[in-house]
Amino acid sequence: MKIEDRFLRYVGYDTQSSEANAGSCPSTEKQLTLARYLRDELLALGLSDAEMDSHGYVYATLPSNSNKDSVPTIGFIAHMDTSPDCSGADIKPSIIRDYDGRDIVLDQAEGIVTRVRQFSELLTHKGEDLIVTDGHTLLGADDKAGIAEIVSAVEYLLCHPEVRHGTVRIAFTPDEEIGQGATLFDVGKFACQWAYTMDGGEVGELEYENFNAAHATVTISGRNVHPGYAKGKMLNAGLIAAEFAMSLPVSERPETTEGREGFFHLCSISGGVEEAQLSYIIRDHDSAIFARRKSAIAAVADELNGKYGAKVVSVRVRDQYFNMVSQLADKPHIIDIARRAITEACGTCLERPIRGGTDGARLSFRGLPCPNIFAGGLFFHGRHEVVPIQSMQKAMQTIVNICRITEERA
């Protein structure tokens with residue numbers, strides 16, 4: 001099956017995860033529908049041990065065809081869920097053949113256009129075949145492109161036994177988009193010496209540094225009094241919430257930072273006079289600065305409590321994941337193999353820190369070193385999401401190359 005046909009089949013499944021149900025795994029039952037399909041597809045390809053566990057994790061094994069005894073067992077991982085930030089239901093993708101470098105009209109009637117001046121990365125894919133949305137949903141290349149690449153690579157290796165490889169393990173996870181994809185991942189059962197997540201962005205990328213990440217919930221307890229008689233009595237929680245938000249540096253937001261610069265991101269703000277709540281994510285590559293960021297959130301709360309009274313503002317900070325680079329520093333061969341594989345497939349390897357995180361970040365701290373490789377999509381989590389077919393093909397070839405190079409080096 002062509003990789004684009006496989007991908008288009010997968011995006012037909014609505015697998016949006018839910019932050020509100022993060023205590024359950026999977027957070028949405030609909031993720032199980034795709035998980036069952038993938039299990040059955042892998043069984044049909046000949047991976048006889050393909051299975052789905054009770055939480056929706058799919059595992060399978062491609063047996064070794066090498067005559068060497070010392071080939072490491074490696075793995076490839078992708079996630080099934082799509083972001084809660086944008087609808088993943090009733091996706092209507094289309095293919096733009098031989099993209100001409102112009103603005104892409106997604107919905108003429110409603111004036112929804114992906115404009116090159118805003119999404120200039122499109123120009124690097126002029127002449128390629130792009131899969132886009134109709135402007136009303138996300139596409140799901142994050143991370144169904146990764147799934148399609150892994151399954152297509154398995155199919156290729158089964159059809160080309162002349163490409164020697166060791167034992168290859170495969171896993172597809174739920175709930176990565178809400179930070180829970182690695183929570184119930186069975187590292188012992190996966191039984192790999194190392195693995196790669198196929199969950200990056202632009203073609204050629206290799207990522208082995210990621211943000212340290214935390215989530216902060218800020219709760220403001222106000223005091224409501226009839227506004228006609230409120231002088232000296234009312235505490236407007238909504239206004240204090242706005243004051244809290246403006247107390248953090250304007251220059252340290254996602255929209256004003258890049259590269260290795262961290263940020264405070266206000267995800268949501270809600271409430272009224274009596275109570276209000278702010279939800280933040282805190283990110284930084286540097287662990288010391290990350291710790292200072294968490295302290296800064298608490299310091300703003302202390303300052304406002306000093307101004308308005310004790311316990312008006314309360315903060316709960318929860319660590320989410322940490323920078324995997326510390327777990328990979330003494331294992332350069334894992335990066336070396338990926339670097340060579342990507343260079344062979346793409347002509348170059350772009351080594352960049354992730355301005356985000358992956359399942360692999362948490363798995364690396366659970367004893368499974370797991371850098372991240374490009375899946376090829378662009379502009380994730382929104383209606384302008386796009387994936388070039390040629391990028392998926394290069395990602396698939398990268399997987400094949402990794403399997404071959406690992407066997408060669410054994």
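Here's what I pulled together on the structure shown here. All figures in this text were calculated on a predicted structure; none of them were measured in a lab. (Residues numbered from 1 in each chain as written. Predicted model: local features only at pLDDT ≥ 70, side-chain atom pairs only at ≥ 80, totals over all residues. Heavy atoms only, no water.)

Side note on the pattern of salt bridges
Phase 1: Under the definition given, this model contains 23 salt bridges.
Phase 2: Here D103 ties to R115 by a salt bridge, and the two come within 3.5 Å at their closest N and O atoms. Of this pair, D103 sits in the loop between β4 (94-96) and β5 (104-107) while R115 sits in the loop between β6 (112-114) and β7 (130-132), and the two are twelve residues apart along the sequence.
Phase 3: Notably, a salt bridge pairs R352 with E205, separated by 2.7 Å at the nearest N-O pair. Taken together, the residues R352 in the loop between β15 (350-351) and α9 (359-364) and E205 in strand β10 (residues 205-207) connect sequence positions 147 residues apart. (Salt bridge = Lys/Arg side-chain N within 4 Å of Asp/Glu carboxyl O. Helix = DSSP H or I, 4+ residues; strand = E, 2+ residues; numbered from the N terminus.)

Quick notes on the environment of K92
Phase 1: Within the secondary structure layout, K92 lies in the loop between β3 (74-79) and β4.
Phase 2: Taking the C-alpha atoms as reference points, K92 and E41, 51 residues apart in sequence, are found 23 Å from one another.
Phase 3: Sequence-distant contacts of K92, defined by excluding residues within four places in its chain, comprise V132, T133 and D134.
Phase 4: Only 2.5 Å separates the side chain of K92 from the side chain of D90, close enough to count as a polar contact. (Contact = heavy atoms within 4.5 Å. Polar contact = N/O pair within 3.5 Å; in protein donor to acceptor, adjacent residues only side chain to side chain.)

Notes on the side chain of S83
Phase 1: Here S83 shows up in the loop between β3 and β4.
Phase 2: Here the side chain of S83 touches D85 through a polar contact of 2.9 Å, landing on its backbone nitrogen.
Phase 3: With sequence-adjacent residues up to four places away left out, S83 is seen in contact with Q16, L138, E177 and H381.

Comments concerning the sheet that holds strand β17 (residues 386-388)
The strands that make up a sheet are held in pairs by hydrogen bonds between backbone atoms, and each pair lies either parallel or antiparallel.
Phase 1: Pairing in this open sheet of three strands is antiparallel, and the strands run β4-β7-β17 from one edge to the other. Either end of the sheet is taken by a strand with one partner, and the two such strands are β4 and β17. Strand after strand, the sheet turns through a mean of 25 degrees between neighbouring axes, direction not considered.
Phase 2: Taken together, the three bridges between β4 and β7 define a ladder with antiparallel strand orientation. Residue pairing for β7: S94 is matched across the bridge by V132. (Pairing = 2+ DSSP bridges. Axes fitted to C-alpha atoms, helices over the stretch in contact; angles between N-to-C directions.)

Focus on helix α1 (residues 3-10)
Phase 1: Among the residues of α1, I3, E4, R6, F7 and Y10 are the ones counted as buried. Along α1, the residues classed as buried sweep out an arc of 160 degrees about the axis, all on the same side. (Buried < 20%, exposed > 50% of the residue type's maximum accessible area, 1.4 Å probe, protein only. Arc of directions from axis to C-beta.)

Looking at the side chain of E205
Phase 1: Taking relative accessible area as the criterion, E205 reaches 9% and is therefore assigned buried.
Phase 2: Here G201 takes part through its backbone nitrogen, which lies 3.3 Å from a polar atom of the side chain of E205.
Phase 3: The residues contacting E205, other than those within four sequence positions of it, are G200, I342, L350, R352, N372, I373 and F374.

Things to note about the packing of helix α3 (residues 141-159) against helix α10 (residues 389-409)
Phase 1: In contact at an axis separation of 8 Å, α3 and α10 are set at 50 degrees when each is read in the N-to-C sense. Between α3 and α10, the angle is such that the two are oblique. For α3 against α10, the interelement crossing comes out right-handed. Together, A145, E149, I150, S152, A153, Y156 and L157 of α3 and M392, A395, M396, I399, V400 and C403 of α10 make up the contact between the two elements. (Parallel < 35°, antiparallel > 145°, perpendicular 65-115°, else oblique. Left-handed = near helix turned anticlockwise from the far one by under 90°.)

What to know about the environment of D175
Phase 1: By the element assignment, D175 lies in the loop between β8 (168-173) and α4 (187-190).
Phase 2: Residue classification places D175 among the buried residues on the basis of a relative accessible area of 0%.
Phase 3: Taking the C-alpha atoms as reference, D175 lies 23 Å from F264; in sequence the two are 89 residues apart.
Phase 4: Beyond its immediate chain neighbours, meaning those up to four positions away, D175 contacts S17, S24, C25, P26, S27, Q31, D81, Q180 and G181.

Considerations on the packing of α1 against α3
Phase 1: α3 packs onto α1 with a crossing angle of 135 degrees between their chain directions and a minimal axis gap of 9 Å. Relative to α3, the element α1 is oriented oblique. For the element pair α1 and α3, the recorded crossing hand is right-handed. Contact residues: α1 offers I3, R6, F7 and Y10, while α3 offers A141, K144, A145, I147, A148, E149, V151, S152 and E155.
Phase 2: Classifying every residue of the contact of α1 with α3 by side-chain character gives eight nonpolar, one polar and four charged. (Nonpolar A, V, L, I, M, F, W, Y, C, P; charged D, E, K, R; others polar.)

Honestly, it's all geometry; don't read function into it.
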